[in-house]
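For reference, the chains in residue letters:
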Amino acid sequence: MIFNSFTFFLFFISVFCCYLLLKQKGQNRLLLVASCFFYGCWDYRFLLLLLLTVVVDYSAARLIHASENEKRRKRTLLFSVFVNLGILSYFKYANFFLENALLLLNSIGFHVDPMTLQIILPVGISFYTFQSMSYTIDVFRGRVAPASNIMDYALYVSFFPQLVAGPIERSSHLLPQILSPRRVSWEKIQIGLYYIASGLFLKIFMADNLARLVNPVFAASDPQTGFCYLLTGYAFAFQIYGDFAGYSWIAKGLGAILGFEIMDNFNLPYFSKNPQEFWRRWHISLSSWLRDYLYIPLGGNRKGQVKTVRNLFLTMLLGGLWHGAKMTFVAWGFFHAVLLALHHLVTGNNKGTGGQQGRGGWFLNLLKTIFFFHLIVISWYFFRANSFEQVLVIFNALLTDFHLDFAGNTLLIQKVLFYISPVLLMQALRYYLDDQLVIFRLPIPVRALIYSIAFYLVVIFGVTHAHEFIYFQF
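Computed from a prediction, not measured in an experiment: that's the story for all the values here.

The rules behind the values
- Residues numbered from 1 in each chain as written.
- Predicted model: local features only at pLDDT ≥ 70, side-chain atom pairs only at ≥ 80, totals over all residues.
- Heavy atoms only, no water.
- Salt bridge = Lys/Arg side-chain N within 4 Å of Asp/Glu carboxyl O.
- Buried < 20%, exposed > 50% of the residue type's maximum accessible area, 1.4 Å probe, protein only.
- Patch = residues over 30% accessible without salt bridge, like charges linked within 9 Å, V, L, I, M, F, W, Y side chains within 5 Å.
- Areas by Shrake-Rupley, 256 points an atom, 1.4 Å probe, with all protein chains shown as cover.
- Lys, Arg positive; Asp, Glu negative; His and termini not counted.
- Charge placed at Lys NZ, Arg CZ, Asp CG, Glu CD.
- Helix = DSSP H or I, 4+ residues; strand = E, 2+ residues; numbered from the N terminus.
- Expected span 1.5 Å × (residues − 1).
- Bend = angle between axes of the 7 residues up to and from the residue.
- Phe/Tyr/Trp six-rings, centres within 6.5 Å; stacked < 30°, edge-to-face > 60°.
- Lys NZ or Arg CZ within 6 Å of the ring centre and 35° of its normal.
- pLDDT = per-residue confidence, 0-100.
- Contact = heavy atoms within 4.5 Å.
- Polar contact = N/O pair within 3.5 Å; in protein donor to acceptor, adjacent residues only side chain to side chain.
- Core = buried A, V, L, I, M, F, W, Y, C linked by side-chain atoms within 4.5 Å.

**Observations concerning the pattern of salt bridges**
Part 1 of the argument: Going through the model one piece at a time under the given rule, you end up with eleven salt bridges.
Part 2 of the argument: Arg291 is paired through a salt bridge with Asp292; the nearest N and O atoms lie 2.8 Å apart.
Part 3 of the argument: The class of Arg291 is partly exposed, set by a relative accessible area of 41%.
Part 4 of the argument: Where Arg441 meets Asp435, a salt bridge forms, and the shortest distance between an N and an O atom there is 2.9 Å.
Part 5 of the argument: In the salt-bridge network here, residues are joined through shared partners; they are Arg170, Arg291 and Asp292.

Pasting the structure below:
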C-alpha cells in the first residue's frame, strides 16, 4: 500500500474519519493500529521486528533514565545499539559481508563455492531503526525524558505517514506531539492537501516519467554516447529528487491533516553552491542524524584538520553504506566525502555559505550553483549504476565519446525539459521569495490557474500505474 495508490487513499480517509470522532488517547491508539496495519500490508512477519525494536528501546530508555550508575547506563545503551544495528546488519548487509569474505578467501588461495542467504529486506528498516536509536541516545544524554507508555512510544516509531521512508524524526520533536492533544483545523487540512498534491505531482508527473527515460539507459547492454549519459544524469537527478522529496511532502501533508508537524526533509537542494550547503538541504533528517550521532561524537571539526577530514570520510562512507549493501553506494559516499573535505580545507569550514546570495553577487552565485549541480550529477552516476563496470563505461563515454548531438537526442531533450521545467519554475520562485508555501499564498485566481495546469499535466501526462518510491529499498 503506497501513497500514490487508490488503496491508500481509501485507507487514509477511513482512518481520518474515525480520528475525528476520538480524543487524544483514542486517536493515538487508532493511529497505532492503523500504522501496524499499514506496515503489515507489506509483510505481516516484519511486524515482529518492529515490535522487537520498540520493546528493546523503550525498556532500555526506561532503565537508563532510572539508573544512577554510569557504567550500567552505558551498558544498557550499548545493548540497545547492538540489538538495533545487529538486526539492521543481518537483514541489510549479511549477504554483502558474506560475498566479500568469500572473495577475500578465494583471493588468498582458499576455494570456497559462492553462497547467498535468502533474506528479504524489511521495508523501512533503516529509517525506523535510526529513529528508534536516536531516542535511546537522547535519553542517555539527558535531552529527552523517556516515554511513560509503551503504546505512545510504539506510535512514535511506527507512525505510518513517515514509517517506511522517513523523514527520520527525533523524539524531541514528534513524541511531544503524540503525548499532547492535537487540533485538526481547516487551515492545517488545506496546508496538508497542498503538500500532498505537490508531492504527488513530483512523483506522478516528474519522477515516474523521468524513470521511463532513465531505466532503459542503465539497463541497456550496449554503451551509449557521452551526451546521452549526460542527459540521463540530469534526468536521474530530478527523478530521485522528485521521488524522495515527493514522498516526504506527502508524509508532511498527511501529518498536517492529522494535526502533526513533520519536519522538512528537502529544501531546494539543487540550488546549493557547495557541498556543505547541499547536505543542509538534501535528506535533512539523515544528514542531521549523521552529524549529531556520528560526526560530532567522533570529534567533528574540533580536533584539527586531519581528524576533521577523517571524521568527514567516516561519516559519509557510513552514510553511503546506509543506503544499501553495494560498493557503488560506498563510492557515492566517498565522492561526497571528498567534496566536503575539499570544501572544508579551502574555506576553513566557513558556516556563512548557506544564504541565497552570499558573496560575489547573483551571477557568480549562479555559476557556483550550476557548477556544483554538475558535481552532484556525477555523484548520482555512482548511486544509480548497477555496477562499478557500468560507472567506468559511463565516465569513459563522457570523457572520450562526448559530442553535442542535439539532432540524435531531440526527443530525449524535449522530454527531460518538459518534465522538469514546471518544477524548476516553481522552485525558482520559491527560492527567490524564500517561502516554501509561496504558491499556497498566491491570490486565489493565480493559485487556481496553477492548480489547473498541474492537474491537467498529471491527468494527461502522469504515470497512472502506482510505482513504488525509490527509497523504499533503503
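**Focus on a positive patch on the surface**
Part 1 of the argument: A contiguous patch of positive charge, built from Arg302, Lys303, Lys307 and Arg310, is present on the exposed surface.
Part 2 of the argument: Note that Lys307 resides in helix α12 (residues 305–322).

**A few points about helix α8 (residues 186–219)**
Part 1 of the argument: Its 34 residues give α8 an end-to-end C-alpha distance of 47 Å, which sits within 8% of 50 Å, the value for a rise of 1.5 Å per residue.
Part 2 of the argument: The largest bend in α8 comes to about 30°, at Ala207.

**Some remarks on the packing of aromatic side chains**
Part 1 of the argument: Considering all chains together, one arrives at 67 aromatic pairs under this definition.
Part 2 of the argument: Ring centres of Phe8 and Phe11 lie 5.8 Å apart, and the angle between their planes is 45°; on these two criteria the pair is classed as tilted. Note that Phe8 and Phe11 are positioned in helix α1 (residues 6–20) at a spacing of three residues, about one turn of the helix. As far as the burial class goes, Phe8 and Phe11 line up, both buried.
Part 3 of the argument: Ring plane angle 65° and centroid distance 6.3 Å describe the contact between Phe12 and Phe160, whose orientation is recorded as edge-to-face. Of the two residues, Phe12 sits in helix α1 while Phe160 sits in the loop between α6 (150–158) and α7 (171–179), which places them 148 residues apart along the sequence.
Part 4 of the argument: You can call Phe12 buried: its relative accessible area is 8%.
Part 5 of the argument: For Phe160, a relative accessible area of 0% gives the class buried.
Part 6 of the argument: In this structure, Lys92 packs its charged tip against the face of Trp322, placed 5.1 Å from the ring centre.
Part 7 of the argument: Here the guanidinium or amino end of Lys203 rests over the ring plane of Phe469, the centre of that ring lying 4.6 Å away.

**Concerning the confidence of the model for the protein**
Part 1 of the argument: A residue-level look at the protein finds 93% of positions with pLDDT of 70 or above and a mean pLDDT of 90.
Part 2 of the argument: Across residues 352–357, where pLDDT falls below 50, the model places 19 contacts with residues more than four positions away in sequence or in other chains.

**Some words on the side chain of Asp243**
Part 1 of the argument: Topologically, Asp243 is positioned in helix α9 (residues 226–257).
Part 2 of the argument: A polar contact is formed between the side chain of Asp243 and the side chain of Lys203, at a distance of 2.6 Å.
Part 3 of the argument: Sequence-distant contacts of Asp243, that is, excluding residues within four places in its chain, are made with Lys203, Ala207, Asp208, Glu468, Phe469, Ile470 and Tyr471.

**Considering a nonpolar patch on the surface**
Part 1 of the argument: Residues Trp362, Phe363, Leu364, Leu366, Leu367 and Ile370 make up a contiguous nonpolar surface patch of about 600 Å² in total accessible area.
Part 2 of the argument: Position of Trp362 among the secondary structure elements: in helix α14 (residues 361–384).

**Observations concerning the nonpolar core**
Part 1 of the argument: Ranked by size, the top nonpolar core spans 140 residues in total, and within it Tyr270, Trp282, Trp380 and Tyr471 carry the most contacts.
Part 2 of the argument: Sort the elements by how many residues they give to this core and α9 lands first, with 19 residues.

**Side note on the environment of Gly255**
Part 1 of the argument: Residue position: Gly255 is located in helix α9.
Part 2 of the argument: Taking the relative accessible area as the measure of exposure, Gly255 reaches 0% and is therefore buried.
Part 3 of the argument: Expressed as a C-alpha distance, the spacing of Gly255 and Ile168, which sit 87 residues apart in the sequence, is 14 Å.
Part 4 of the argument: Excluding residues within four positions of it along the chain, Gly255 makes contact with Phe260 and Ile262.

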